[in-house]
Every structure is written in structure tokens, then in C-alpha cells.
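# What the coordinates show
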Amino acid sequence: MEDGLTVSQLLKLRKLRKAAVWINGKQLMLADYETWEIQEGDNIKLLRIMAGG
């Protein structure tokens, strides 16, 4: 990944429209996705949100 990549950009690269994101064990708020920059060594967990019934 390139330096300065935001969570929002990562989700676009992974072709995920909706996902819950944890970085280093902390769940991010949706409002943080546009500004949170991923750093080298970060532990990233993505949980794809799917509709169900």
C-alpha cells in the first residue's frame, strides 16, 4: 500500500462498499474513514457488511 492511504481509499481498492474497520484493535467510526491514514505496521481488520433476513 502507498503512504497516506486512507481507510476510505483502502475500501475502494478492495471493492468494499460497506465495511466495519478496526485498526490496531480500535473500531473506527464511519466519519473517520475519509481522514484516517493507514500507517506502516498497522493491524487492519475489515468486516464486510451484508444484508440479511
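Up top you'll find the structure we're talking about.
So, here's what we can say about the structure. Bear in mind that the values here come from a model prediction, so they are computed numbers and not experimental data.

So, on to the side chain of Asp42. Inspection of the secondary structure puts Asp42 in the loop between strand 2 (26-27) and strand 3 (44-48). Buried Asp42, no salt bridge; nearest opposite-charge side chain is Lys26, N-O distance 11 Å. Within the local environment of Asp42, its side chain forms a polar contact with the side chain of Asn24, the two groups lying 3.0 Å apart. Of note is the side chain of Asp42, whose polar atom sits 2.8 Å from the backbone nitrogen of Gln39. If sequence neighbours within four positions are ignored, Asp42 has contacts with Ile23, Asn24 and Glu37.

We now examine the sheet that holds strand 3. Strand order in the open sheet formed by 3 strands is 2-1-3, with antiparallel pairing between adjacent strands. Each having just a single partner strand, strand 2 and strand 3 make up the two edges of the open sheet. When strand 1 (residues 19-23) meets strand 2, the two strands line up antiparallel, connected through 2 bridges. Bridged to Ile23 within strand 2 is Lys26.

This brings us to the environment of Leu13. Within the secondary structure, Leu13 sits in helix 1 (residues 7-13). Its relative accessible area of 60% is what places Leu13 among the exposed residues. Residues Leu13 and Ala31 lie 18 residues apart in sequence; the distance between their C-alpha atoms is 19 Å.

The subject of this paragraph is the nonpolar core. Core analysis: the biggest nonpolar cluster contains 11 residues, these being Leu5, Val7, Leu10, Leu11, Leu16, Ala19, Val21, Ile23, Leu28, Tyr33 and Ile38. Listed by contribution, the elements that provide at least two residues to this core are helix 1 and strand 1. Ignoring sequence-local partners within four residues, the contact set of Tyr33 consists of Thr6, Val7, Ser8, Leu11, Ala19, Ala20, Val21 and Leu28.

Conventions and cut-offs
- Residues numbered from 1 in each chain as written.
- Predicted model: local features only at pLDDT ≥ 70, side-chain atom pairs only at ≥ 80, totals over all residues.
- Heavy atoms only, no water.
- Helix = DSSP H or I, 4+ residues; strand = E, 2+ residues; numbered from the N terminus.
- Buried < 20%, exposed > 50% of the residue type's maximum accessible area, 1.4 Å probe, protein only.
- Lys, Arg positive; Asp, Glu negative; His and termini not counted.
- Salt bridge = Lys/Arg side-chain N within 4 Å of Asp/Glu carboxyl O.
- Polar contact = N/O pair within 3.5 Å; in protein donor to acceptor, adjacent residues only side chain to side chain.
- Contact = heavy atoms within 4.5 Å.
- Pairing = 2+ DSSP bridges.
- Core = buried A, V, L, I, M, F, W, Y, C linked by side-chain atoms within 4.5 Å.

Geometric values such as these leave the question of function open.
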